[in-house]
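Spelled out, the chains give:
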Amino acid sequence: MPAPERIPTGRLSAVEPAVEPAGQLPGPADPQEAAPAAPEPARGLSDAFLGEGELTVRGRIQEASNAVLYCTVEQDGRSASCVYKPVAGERPLWDFPDGTLAQREVAAYEISRACGWDLIPPTVLRDGPYGTGMVQEWIDPPESSDEVPVLLALVEDEEPGPGWKSVGLAQIGEGRTALLVHADHPRLRRLAVLDAVINNGDRKGGHLLPGADGRFFAIDHGVTFNAEDKLRTLLWGWAGEPLTEEALEVLRGLHAALADGEPLAARLAELITDTEIEALRARVAGLLRSGRHPEPSGEWPAIPWPPV
């Protein structure tokens, strides 16, 4: 297979702290005009640290459709970087009339944690300078670009090469097409299962952040948990294939944890609607019955736009 063309050009996702001074939002405080040097990273941030530490806005992340603020959180002499998405900065969506995008981001993290897959950075719902919002650990990029995994690519072959899964043909300009592929990576396959569970309507390439040790993390889960089928993703390479035994075991555990009276079910009831929780249970049960990765329904665009 020829050398793949990376998607997006230059970097897998927004892994650099590209910020501008935060704009005006409803809230009690104004951000600092200039961001100081980023603090030393605090590894393995706990939910309590993110939820209780002092939150300070340093700037606003560029090119985000909703307000996304780059912040530091400090407690007992410890400081770390994080992302803060205030509810006041969300744009209303016609197909998500209930709850908030911030709450759905936290619900997605709760499901990821229950699965034991560590795919989503620690995420909490808390008060901040602009009111209630989602706060999530900032993922620093690897020191070397050689450590950034190539997870998505465009190739000119008709079939994916070893280690790749085909998504479909993509227009690349001037009447040319190329095959869109993603890596046949176990962590990426777990994410495909997680996205099917939470009904992710926006799994783009830019929502995969490379971290240390060759790992990557998934972010931006505001458009999830809809009661209707909204799954849109670039990770269709396993569509129709049998789920791994690991995934089936995780789904069986998740099915039990979602039962009435269980702590996970009670936590989700604080974040999404009863109807959405029932739909979540139905999706998990459906995956267990079929034993296979879902396929596009044909009733909803299968690929998010723009894909990156």
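Residues numbered from 1 in each chain as written. Predicted model: local features only at pLDDT ≥ 70, side-chain atom pairs only at ≥ 80, totals over all residues. Heavy atoms only, no water.

As for the overall build of the protein chain
To keep it simple, the criterion reads: Where helices and strands are cited, they refer to DSSP runs of H or I of at least four residues and of E of at least two residues respectively, numbered from the N terminus. The rule is simple: take the accessible area with a 1.4 Å probe, protein chains only, and divide by the maximum for that residue type; under 20% is buried, over 50% is exposed, in between is partly exposed.
If you tally the helices and strands in the protein chain, you get 6 helices and 12 strands. Expressed as a percentage of its 308 residues, the buried residues of the protein chain come to 49%.

Description of empty space enclosed by the protein
In this approach, a probe sized like a water molecule rolls over the atoms, and the result shows the empty space that is left. To keep it simple, the criterion reads: Think of a 1 Å grid over the protein atoms and nothing else: a 1.4 Å probe that fits but is trapped marks a cavity, an open set flanked by protein within 12 Å on at least five of seven lines marks a pocket, and residues with an atom within 4 Å of a point count as lining. Grid points are joined across faces, edges and corners, and a volume is the space filled by probe spheres set on the points. Under this grouping Gly is polar, as are all residues other than the nonpolar Ala, Val, Leu, Ile, Met, Phe, Trp, Tyr, Cys and Pro and the charged Asp, Glu, Lys and Arg.
All told, the structure shown has 2 cavities of 30 Å³ or more when counted by the stated rule. Roughly 90 Å³ of volume is contained in the largest cavity. Contributing to the lining of the largest cavity are Ala192, Asp195, Ala196, Leu231, Thr233, Leu235, Trp236, Trp238, Ala239, His293 and Pro294. Taken together, the residues of the lining of the largest cavity sort by class into 8 nonpolar, 2 polar and 1 charged.

Here's the deal with helix α3 (residues 186-198)
Quick note on the threshold: A helix's residues, less one, multiplied by 1.5 Å, set its expected span. Whether two residues are in contact is decided by their heavy atoms: any pair within 4.5 Å suffices.
If you check α3, its first and last C-alpha atoms are 19 Å apart, about what 13 residues at 1.5 Å a residue would give, namely 18 Å. Judged by how many residues are buried, α3 sits mostly within the fold: 11 of 13 residues are covered. Here α3 has its buried residues at Arg187, Leu188, Arg189, Leu191, Ala192, Val193, Leu194, Asp195, Ala196, Val197 and Ile198. Along its buried surface, α3 packs onto α2 (101-115), β10 (176-183), β11 (208-210), β12 (216-218), α4 (245-257) and α6 (274-290).

Examining a negative patch on the surface
This is how the line gets drawn: Two distance rules govern patches: like charges are joined within 9 Å, and nonpolar side chains (Val, Leu, Ile, Met, Phe, Trp, Tyr) within 5 Å, applied only to residues with over 30% relative accessible area and no salt bridge. Per-residue and other accessible areas were derived by the Shrake-Rupley procedure at a 1.4 Å probe size, with only the shown protein chains allowed to occlude residues. Salt bridge criterion: a side-chain nitrogen from Lys or Arg within 4 Å of a carboxyl oxygen from Asp or Glu. Two residue types count as positive, namely Lys and Arg, and two as negative, namely Asp and Glu; His and chain ends fall outside the count. Lysine's charge is taken at NZ, arginine's at CZ, aspartate's at CG and glutamate's at CD.
There is a patch of like negative charges on the surface, built from Glu143, Asp146, Glu147 and Asp213. Checked against the element boundaries, Glu143 lands in the loop between β7 (133-137) and β8 (152-155). Look at Glu143 and you get exposed, because its relative accessible area is 84%.

Topic: the side chain of His293
Convention followed: Within 3.5 Å is the distance limit for a polar contact, defined as a pair of N or O atoms, with the added protein rule that one can donate a hydrogen and the other accept it, and that residues adjacent in sequence qualify only through two side-chain atoms.
Structurally, His293 can be placed in the segment after α6. For His293, the side chain forms a polar contact with the side chain of Arg189, separated by 3.0 Å. In this structure His293 touches Arg189, Ala192, Val193, Trp238, Ala239, Gly240, Glu241, Pro242 and Leu243, once residues within four positions along its chain are discounted.

Considerations on the environment of Leu271
Relative to the elements of secondary structure, Leu271 occurs in the loop between α5 (263-269) and α6. Setting aside residues up to four positions removed in sequence, Leu271 forms contacts with Gln103, Val106, Ala107, Glu110 and Leu125.

A closer look at the nonpolar core
Put simply, the rule is: Each nonpolar core is a collection of buried residues, namely Ala, Val, Leu, Ile, Met, Phe, Trp, Tyr and Cys, held together in the definition by side-chain atoms within 4.5 Å.
The biggest cluster of nonpolar side chains holds 49 residues, and the ones touching the most others in it are Ile111, Leu188, Leu191 and Val197. Elements supplying a minimum of two residues to this core: α2, β8, β10, α3, β12, α4, α5 and α6. It is α3 that provides the largest number of residues to this core, a total of 8 residues. Aside from chain neighbours lying at most four places away, what touches Leu191 is Leu119, Arg203, Leu208, Phe216, Ala218 and Leu235. Ranked by size, the runner-up nonpolar core spans 14 residues in total, among them Leu45, Phe49, Val73 and Tyr130.

A word on the state of the cysteines
In plain terms, the rule: We call a pair of cysteine sulfur atoms a disulfide when they lie within 2.5 Å.
Inspection of every chain in the model, using the stated rule, returns 0 disulfides. Free of any disulfide, Cys71 has its nearest cysteine sulfur in Cys82, 5.0 Å distant.

Here we look at the packing of aromatic side chains
The test is simple: Two rings from Phe, Tyr or Trp (for Trp, the six-membered ring) form a pair when their centres sit within 6.5 Å of each other. Planes less than 30 degrees apart are called stacked, planes more than 60 degrees apart edge-to-face, and all others tilted.
Applying the stated criterion to the full structure yields 1 aromatic pair. With 4.8 Å between their ring centres and 65° between their planes, Tyr70 and Trp138 make a pair best called edge-to-face. Here Trp138 lies in the loop between β7 and β8 and Tyr70 lies in strand β4 (residues 69-75), a separation of 68 residues in the sequence. Using a relative accessible area of 7% as the deciding quantity, one classes Tyr70 as buried.

Description of the side chain of Asn200
Following the sequence through the fold, Asn200 ends up in the loop between α3 and β11. Once you skip the residues sitting within four places of it in the chain, Asn200 turns out to touch Asp195, His221, Val223, Thr224, Lys230, Leu231 and Arg232.

A few points about the confidence of the model for the protein chain
Just so we agree on the cut-off: Across the chain, each position has a pLDDT score giving the predictor's confidence in that residue, from 0 to 100.
Within the protein chain, residue pLDDT values average 84, and 84% of them lie at 70 or more. Mean pLDDT across the elements of the protein chain ranges from a minimum in strand β1 (residues 5-6), with 34, to a maximum in α4, with 98. A low-confidence stretch, residues 1-24 stays under pLDDT 50, and its non-local contacts, those more than four residues away or across chains, total 67 contacts. In this model residues 26-43 is a low-confidence stretch, pLDDT under 50, and it forms 34 contacts with partners more than four residues away in sequence or in other chains.

Here we look at the pairing of strand β3 (residues 54-61)
Selection criterion: Pairing between two strands requires that DSSP report at least two bridges joining them.
Most of β3 is tucked away, with 6 of its 8 residues classed as buried. One ladder, built from 6 bridges, connects β3 with β4; its direction is antiparallel. Counted as the bridge partner of Glu54 is Glu74 from β4.

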